[in-house]
Every structure is written in structure tokens, then in C-alpha cells.
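Architecture at a glance
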Amino acid sequence: MKSRLEAATTDRASFEREIRAFPSQFRTHEVFRDFCEVVSASFANAWAIKDEAWQAREDRYAAVQRKYGEEFERFPAMLGTLINALENSRDESGAMDDVLGLTFELLELSNHFAGQYFTPLCVSELMAQMTLCDAKSILDDKPFISVLEPAAGCGRTLLAAVNVLRRNGLDPSSCVRVTAVDIDPLCVAMTHITLSLAGVPAIVIHGNSLTCEEWSRVTTPLWRIRGGTSPAASAVFAAVHAKRAESSADQSSVETSERVPTPEPKSCQPRPTQLILF
């Protein structure tokens, strides 16, 4: 019987082969880009309000479907293979590998002429560990940690941060909010897919961090479930924070009267002091 690591390696290799297996009229970089775009659109529109952006994603999905004809049926199978690879790559804490970004690199799709190089996951995790070494103490005073990535790439640095939080016994789905920005629409789609499948509340922006321009944005399912940045979301995070504080107090045998009180929703609004910048 295969180990989970062996299964993950097999699934990732299968994902790469499935991308290369399309007929010759479909170039590899087009297949990868179109796959990421339609998967990201599917994840976004399942939870988004039906506005102009929603319709634009629907139109793009339909255009890709027409382009591939019967070959489009390969895309759902590819998504299944990607999910299997991600799930099988998880360790005991739930941390996972960057399967999508690694496949992108192995297919040699990076735009080196634009200076596009993705930081190795081991280096990203080292950076995240150094930055988030006091995550638990931060969460003693705040209901969540805000993470900003102004040049997201494939989302690897953000995934590394999520992995570090999980290995420290924290649940990223409740203790973090992510904002990611990238100028490349393919990178936006890759980051959106990775964070969606990793179970992270995140908003991913297609924009220029240097000029502060924004052209579009998508959110992960958990961002919608948690309520984004609305007052209701603050209340949700406040409740999570209160429960976390009570659990910590129980473990340390602290008297009930000394437990951290439930913070008011207004105290849970994002503040500059909550920002961690990679």
C-alpha cells in the first residue's frame, strides 16, 4: 500500500501528464492558464453576488468551454487529481505542499523575462516561521491575524504561512484573514485556487501593489462564509477569539473570573497593528 507521500507524488505527476495530454493544437501554457481560470471562476461564482464581475467570469468560463469542445471534459478530472494530490500531501498537522505552483515550475511556464521566480516552499516556510513565531501571543490579544502579500505569485508564501500556523496548533480558517495582490491574472487564479482548497479566508486582487491600481478581485469560499470584513464577520471572529481564550484558560486551570472577556465586535475591526507583511 502506498504511503500518503508516495500517493501525493503520483497524483502530482498524473496532474502534470493530464495537462500535457491535450491535443497538439492546445499549447501547454494555454491549457494550464485556462484550467486555472475556469476553476477559479467556478470557486468564485459559487459564492459571489451576481454582478458584472460575476457575469464576466461566467462569460470567460463559457468561452473556454467552447474553445475546447469535448476536450473540456478533461478539466473536472484534472481538478480531481489536483485535489487528491493536495490532500495526500498533507502531514499530521494538515500542512500541504504547493502542488499547483510546483507543476507550474515543472512545466517551465514561468515568465523569466518578467523576472518571475517563485520562492521555494522551504524558504517560504522559514520566512513564515520567523514572522509568525509569536502568532499565539498575538491571538491572545486579537481575534485574528491579517496577512498581506503584495506580490502573491502562486500563493506559495501564503500557503507557507498557513502551514506554519497549522503546525503550531492553530486553525487558519478561524485565526487569519489574507489579502493577496498580483499583477499577473494567472498568478491571481493560482493563488485563489490554492487558498480556496487550503481552507483560508482570503481576498485575491488583480492589481499593481506599487501604483495601488486594482482591476478585479475574487474571494475564497471561506471569506464569504466568514462574512469578509463586514460587522457580522467581526462578531464571528470575536466569538472564535472568546472561545479560544476560554479553552486556553481551561487548560491552564485559570479561574473563570480571570478569563479573557468576549471582546466587543468593534474591537475586531482590522487595525494596522494586525498587519504582517511578507
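The residue count restarts for each chain, going from 1 along the sequence in the order it is written. Per-residue local features are limited, in this predicted model, to residues with pLDDT of at least 70; the limit for side-chain atom pairs, both in listing and counting, is 80 or more; totals at the level of whole chains, interfaces and linings are taken over all residues. Note that water and hydrogens are dropped before the side-chain values are worked out from all heavy atoms of the structure.

What to know about the pattern of salt bridges
A side chain with one charge can pair with a side chain of the opposite charge if their charged atoms come near. The condition is simple: Whenever a carboxyl oxygen of Asp or Glu lies within 4 Å of a side-chain nitrogen of Lys or Arg, that contact is scored as a salt bridge. Each residue's exposure class comes from its accessible area (1.4 Å probe, protein chains only) as a fraction of the maximum for that residue type: buried when under 20%, exposed when over 50%, partly exposed otherwise.
The final tally for this structure, using the stated rule, is 13 salt bridges. One salt bridge in this structure joins E71 and R74, with 2.4 Å as the shortest N-O distance. Here R74 falls in the partly exposed class, since its relative accessible area comes to 31%. A salt bridge links E105 to R156; its shortest N-O distance comes to 3.0 Å.

Structural notes on the packing of aromatic side chains
Stated precisely, the cut-off is as follows: Pairing of aromatic rings covers Phe, Tyr and the six-membered ring of Trp, with a centre-to-centre limit of 6.5 Å; geometry is then stacked below 30 degrees between planes, edge-to-face above 60, and tilted otherwise. Think of it this way: any DSSP run of H or I at least four residues long counts as a helix, any run of E at least two long counts as a strand, and we number them from the N terminus.
Following the criterion strictly, the structure yields 11 aromatic pairs and no others. Where F22 meets F75, the ring centres are 5.6 Å apart and the plane angle is 75°; that geometry is what we call edge-to-face. Of this pair, F22 sits in the loop between α1 (4–20) and α2 (28–45) while F75 sits in helix α4 (residues 74–88); the two residues are 53 residues apart in sequence, bridging distant segments of the chain. The two residues F22 and F75 agree in class, both being buried. Relative to F104, the ring of F32 has its centre 5.5 Å away and its plane inclined at 50°; by these criteria the two rings are tilted.

Observations regarding the pairing of strand β1 (residues 145–149)
How we decide: Strand pairing is assigned whenever DSSP detects at least two bridges linking the two strands.
Across the five residues of β1, four count as buried, placing the element largely inside the fold. Relative to strand β2 (residues 176–182), β1 runs parallel, the two sharing five bridges. Its bridge partner lying in β2, L148 is registered against T179.

A short note on the packing of helix α6 (residues 121–131) against helix α8 (residues 156–167)
Spelled out, the test is: A fitted line through C-alpha atoms serves as each axis, taken over the contacting stretch for helices, and the angle formed by two N-to-C directions is quoted from 0 to 180°. Here the angle decides the label: under 35 degrees means roughly parallel, over 145 means roughly antiparallel, 65 to 115 means roughly perpendicular, and every other value means oblique. If you view the pair so one helix is near and one far, a crossing is left-handed when the near helix is turned anticlockwise from the far one by less than a right angle, and right-handed when it is turned clockwise. Note on contacts: a residue pair qualifies if any of its non-hydrogen atoms lie within 4.5 Å across the two residues. Under the grouping applied here, Gly and all other residues not named as nonpolar or charged are polar, the nonpolar ones being Ala, Val, Leu, Ile, Met, Phe, Trp, Tyr, Cys and Pro and the charged ones Asp, Glu, Lys and Arg.
Two elements in contact, α6 and α8, have axes separated by 8 Å at closest approach and are oriented at 55°. The angle between the axes of α6 and α8 places the two elements in the oblique class. Seen along the crossing, α6 lies across α8 with a hand that is right-handed. Contacts between α6 and α8 involve L121, S124, E125, A128 and Q129 from the first element and R156, T157, A160, A161, N163, V164 and R167 from the second. In terms of residue class, the contact of α6 with α8 is made up of five nonpolar, four polar and three charged.

Here's the deal with helix α10 (residues 185–197)
We apply this condition: Under the convention used throughout, the expected extent of a helix is 1.5 Å for every residue step, that is, one less than its residue count. Throughout this description, a polar contact denotes any pair of N or O atoms lying within 3.5 Å of each other; where both atoms belong to protein, one of them has to be capable of donating a hydrogen while the other can accept it, and for residues adjacent in sequence the pair is counted only when both atoms sit in side chains.
Its 13 residues place the ends of α10 18 Å apart at the C-alpha level, agreeing with the 18 Å of an ideal helix rising 1.5 Å per residue. Counting buried residues in α10 gives 12 out of 13 residues, a clear majority hidden from the surface. Those residues of α10 lying buried are L186, C187, V188, A189, M190, T191, H192, I193, T194, L195, S196 and L197. Its side-chain oxygen placed 2.9 Å from the backbone nitrogen of L186, D184 serves as the N-cap of α10. Where α10 terminates, the next one or two residues include G199, which has phi positive at roughly 75°.

Notes on the side chain of N163
Relative to the helices and strands, N163 resides in helix α8. Of the residues examined, N163 reaches a relative accessible area of 0% and is grouped as buried. Beyond its immediate stretch of four places on either side in the chain, N163 contacts A95, M96 and E125.

Concerning the environment of P23
Mapped onto the secondary structure, P23 falls in the loop between α1 and α2. You can call P23 partly exposed: its relative accessible area is 24%. Between the C-alpha atom of P23 and that of Y68, which follows or precedes it by 45 residues, the distance is 9.9 Å. Those residues in contact with P23 that sit more than four places away from it in its chain are E71 and R74.

Considering unusual backbone geometry
The phi torsion at E108 lies on the positive side, around 55°, for a residue other than glycine. As for its placement among the helices and strands, E108 is situated in the loop between α5 (99–106) and α6. The phi dihedral of C212 is positive, around 60°, even though this residue is not glycine. Along the chain, C212 falls in the loop between β3 (202–208) and β4 (213–219).

Describing the nonpolar core
Proteins that are soluble and globular tend to have nonpolar side chains buried together. Here is the rule: For the purposes of this section, nonpolar cores are sets of buried Ala, Val, Leu, Ile, Met, Phe, Trp, Tyr and Cys residues that join through side-chain atoms within 4.5 Å.
The biggest cluster of nonpolar side chains holds 62 residues, and the ones touching the most others in it are F32, F35, C36, F75, L82 and M190. Excluding residues that lie within four positions of it along the chain, F32 makes contacts with I19, L100, T103, F104, L107, L109, L186 and M190.

Remarks on the confidence of the model for the protein
A low pLDDT means the predicted coordinates there should not be read in detail. What counts here: Predictor confidence is given residue by residue as pLDDT, running from a minimum of 0 to a maximum of 100.
In the predicted model, the protein carries a mean pLDDT of 82, and the fraction of residues at 70 or more is 77%. Within the protein, α10 carries the highest mean pLDDT (96), whereas strand β5 (residues 275–277) carries the lowest (37). Confidence drops under pLDDT 50 across residues 230–234; counting only partners more than four residues distant or on other chains, this segment forms nine contacts. Within the model, pLDDT remains below 50 along residues 254–278, and this stretch shows 49 contacts once partners closer than five positions in the same chain are excluded.

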